[in-house]
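Analysis of the macromolecular model
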Amino acid sequence: MGAIVQIMKNNMRQYGMFIALVLIAILFQILTDGILLRPLNITNIILQNSYVLILAIGMVLIIITGHIDLSVGSVAAFVGAVSAIMTINMHLPTYLVLIFSLIIGAFIGAWQGFWVAYVKIPAFIVTLAGMLIFRGLTMLVLQGESLAPFPNSYQEISSGFIPDIVHGKDINILAIVLGIIVTVIYIVNELRNRDQQKKYQLPILSSKLFFAKIIIIAIIVNLFTYILATYEGIPNILVILFVLILVYSFMMKRTVVGRQVYAIGGNEKAASLSGVKTKRVTFWVFVNMGILAALSGLAFAARLNAATPKAGTNFELDAIAACFIGGASAYGGIGTVGGAIVGGLVMGVMNNGMSILGLGIDWQQTIKGLVLLLAVAFDVYNKNKAL
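The residue numbering used here restarts from 1 in each chain and proceeds along that chain's sequence as written. Side-chain atom pairs in this predicted model are given and counted only at pLDDT of 80 or more, local residue features only at pLDDT of at least 70, and totals for whole chains, interfaces and linings cover all residues. To obtain the side-chain values, all non-hydrogen atoms of the structure were used and water was disregarded.

As a further point, take the nonpolar core. We define a nonpolar core as any set of buried Ala, Val, Leu, Ile, Met, Phe, Trp, Tyr and Cys residues linked to one another through side-chain atoms lying within 4.5 Å. Three exposure classes are used, based on accessible area relative to the maximum for each residue type with a 1.4 Å probe and protein chains only: buried under 20%, partly exposed in between, and exposed over 50%. Counting 80 residues, the largest nonpolar core has Ile57, Met59, Val60, Tyr154, Leu292 and Cys323 as its most contacted members. Top contributing element to this core by residue count: helix 3 (residues 39-64), with 16 residues. Residue contacts are counted whenever heavy atoms from the two residues lie within 4.5 Å of one another. When near neighbours in sequence (up to four residues on either side) are disregarded, Met59 contacts Asp69, Val72, Met289, Glu316, Ala319, Ile320 and Cys323. Listed in part, the 16 residues of the second largest apolar core include Leu36, Val342, Val346 and Met350. Helix and strand definitions follow DSSP, with helices as H or I runs of at least four residues and strands as E runs of at least two, each counted in order from the N terminus.

Given below as C-alpha cells:
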C-alpha cells in the first residue's frame, strides 16, 4: 500500500487525471441511465472530439516550450475553407487536397514560428494576430457563405470506418483482432522497458503492481475495442489519432528533439548554453502546430460535410484546456502527449454527458471553466510545494 501511495504522489497529475476521467465517465454513465457508454455514443465522442485531440497533441509541444498558440482554431477553419474550394470548386482529387492542405498548414506555422523564434515577438501576440488574420481570410475565401457538400472520399476522413475484412455477422471481428494486437504490443513494450530499467538499476514497480497495471490496461483496451466492434468498428479518425499519439509520444520520450523541447521549456538560456539550437527548435514546433491545425481543419470539415466561416471557433481554448487539465505546466517544461489526450477526453466526456442531460451551453461553459481553473491551481500548488 505504501508503494502505491508513493507512486501516486510521484505521478499525481498523470494518474490523477486518468482516475478523474474514469470517475467522470462512471458518474455520467449513472446520470444518463447508461447512455454515455453505449457503442453509438462512444463512437460519437471519438468523432466529436477528434479535431480537438489532434490540436492538443501539437499544443502540448507549444506549451512545453513555454509558448501558446491562439490561432489554431482560425488556421483550422482557413485550411478547411481552402480544401473545400480545391475539392468542390476545382474538383481536385482528395489525396492532392490533403497534401496541399497540410503544406499550407506548414507554411502558416513557419510564418508564425519565424516571428516568435527569430524576431522574438511573444507568441501570445503573434498568434493573436494570426487568429484575426486567418479568421478574416476564412470569411474572405468563402465570401461569408458555407461551401458544401464534400465527396464521399473526403468525408471518409472523419465519418468512415475500417472495413471488416472478416465480415462478422453481428460484430466487427477486425476491431476485436486489432484490440488483441495492440494489447500484445503494449505488453511486450512494457516488459522490454522494465528489463531496461533493471539493467540500468532504475527504480521500478513491484511485480504485483506492474502486472496489475498491465492487466487493467489490457482489460480497458479490449473492452473499448469490443464496444466499438458491436457498432461499426474502428473509425478512420481513431486510427489517425492512434498513429499520431504513438509517433509524438515516441518523439518526446525517446528522441533528441523531444529532450530539446523539454529543455527549452525548462530553461531556454541554459538549453542554449548547452548547445541546443533554441530558435530552430521553437520554429519547427510552430511548423508542426500548423500542420496539425491543418489536419484538424480537414477532419472537422469532413465531419461537418461543409466549410463554414465560423468553423474552428474556440478550438484553441479547448486544446489549451486539454493540455493544462492533462498535466502540462503553465510555466513550461512539463507535459506529455498522453496527458493532453486524457485532458481532451475529460473535456469531451463532460461535454457529451452534460449535453445528454440537457444542460445548457451556459452551464457547460461554467463547469468547464471551473475544471480548468482547478487543474491549473493544482499545478501551481504542486510547484510551490516542491520548492
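All right, on to unusual backbone geometry then. In this model, Ala148 is joined to Pro149 through a cis peptide bond whose omega is -5°. Examined against the element boundaries, Pro149 turns out to sit in the loop between helix 6 (123-142) and helix 7 (152-159). For Asp33, which is not a glycine, the phi torsion comes out positive at approximately 60°. One can find Asp33 in the loop between helix 2 (12-31) and helix 3. You can call Asp33 exposed: its relative accessible area is 68%. Located in the positive-phi region is Gln201, a residue other than glycine, with phi close to 55°. As for its position among the elements, Gln201 is in the loop between helix 8 (173-199) and helix 9 (207-229). Gln201 sits in the exposed class, given a relative accessible area of 74%.

What follows covers helix 10 (residues 236-254). Compared with the 27 Å implied by 1.5 Å per residue over 19 residues, the 27 Å span of helix 10 between its first and last C-alpha is a close match. Inspection of helix 10 places Asn236, Ile237, Leu238, Leu241, Leu244, Tyr248, Ser249 and Met252 among the buried residues, and these make up the whole buried set. Check the buried side of helix 10 and you find it contacts helix 3, helix 7, helix 9, helix 11 (256-266), helix 13 (278-304) and helix 15 (337-357). One less than the residue count of a helix, multiplied by 1.5 Å, gives the span that helix is expected to have.

This paragraph deals with the packing of helix 5 (residues 94-117) against helix 13. Helix 13 packs onto helix 5 with a crossing angle of 145° between their chain directions and a minimal axis gap of 7 Å. Handedness of the helix 5/helix 13 crossing: right-handed. Of the residues in helix 13, those in contact with Leu98, Ser101, Leu102, Gly105, Ala106, Gly109, Ala110, Gly113, Phe114, Val116 and Ala117 of helix 5 are Lys279, Thr282, Phe283, Phe286, Val287, Gly290, Ile291, Ala294, Leu295 and Leu298. Ten residues, namely Ala, Val, Leu, Ile, Met, Phe, Trp, Tyr, Cys and Pro, are considered nonpolar, four, namely Asp, Glu, Lys and Arg, are considered charged, and the remaining ones, Gly among them, are considered polar. In the contact of helix 5 with helix 13, the residues fall into 14 nonpolar, six polar and one charged. Helix axes are fitted to C-alpha atoms over the stretch in contact, other axes to C-alpha atoms as well, and angles between N-to-C directions run from 0 to 180 degrees. Here a crossing is taken to be left-handed if its near helix is turned anticlockwise relative to the far helix by less than a right angle, and right-handed if that turn runs clockwise.

Inspection of the secondary structure puts Thr183 in helix 8. Among residues more than four places away in sequence, those in contact with Thr183 are Ala218, Val221 and Asn222.

Our next topic: the packing of aromatic side chains. Pairing of aromatic side chains here covers Phe, Tyr and the six-membered ring of Trp, requires ring centres within 6.5 Å, and sorts the geometry by plane angle: under 30 degrees stacked, over 60 edge-to-face, intermediate tilted. Tallied over the entire structure, the rule returns twelve aromatic pairs. Ring centres of Phe210 and Phe211 lie 5.3 Å apart, and the angle between their planes is 75°; on these two criteria the pair is classed as edge-to-face. Through a chain of ring-to-ring contacts, three or more aromatic side chains come together here, namely Trp111, Phe114, Trp115, Tyr118, Phe283 and Trp284. The lysine or arginine in question, Arg194, covers the ring of Phe210, its NZ or CZ lying 4.5 Å from the ring centre. Note on geometry: a ring has a charge over it if NZ (lysine) or CZ (arginine) is within 6 Å of the ring centre and within 35 degrees of the ring normal.

What follows deals with the layout of surface pockets. A probe matching the size of a water molecule, rolled over the atoms, marks out where space remains unfilled. Taken as a whole, the second largest pocket holds about 560 Å³ of empty space. Every element with two or more residues in the lining of the second largest pocket is listed here: helix 3, helix 14 (315-325), helix 15 and helix 16 (361-386). Considering only residue class, the lining of the second largest pocket consists of ten nonpolar, twelve polar and two charged. Think of a 1 Å grid over the protein atoms and nothing else: a 1.4 Å probe that fits but is trapped marks a cavity, an open set flanked by protein within 12 Å on at least five of seven lines marks a pocket, and residues with an atom within 4 Å of a point count as lining. Grid points are joined across faces, edges and corners, and a volume is the space filled by probe spheres set on the points.

Another point: helix 3. Think of an α-helix as turning once every 3.6 residues; residues three or four places apart then point the same way. With 26 residues, helix 3 should reach 38 Å at 1.5 Å per residue; the first-to-last C-alpha distance of 35 Å fits that figure. To get the bend at a given residue, fit one axis to the seven residues ending there, fit another to the seven starting there, and take the angle between those axes. The sharpest bend along helix 3 measures roughly 50° and falls at Ser50. Burial within helix 3 is extensive, with 22 of its 26 residues counted as buried. Note on helix 3: the residue one or two positions beyond its end, Gly66, has a positive phi of about 95°.

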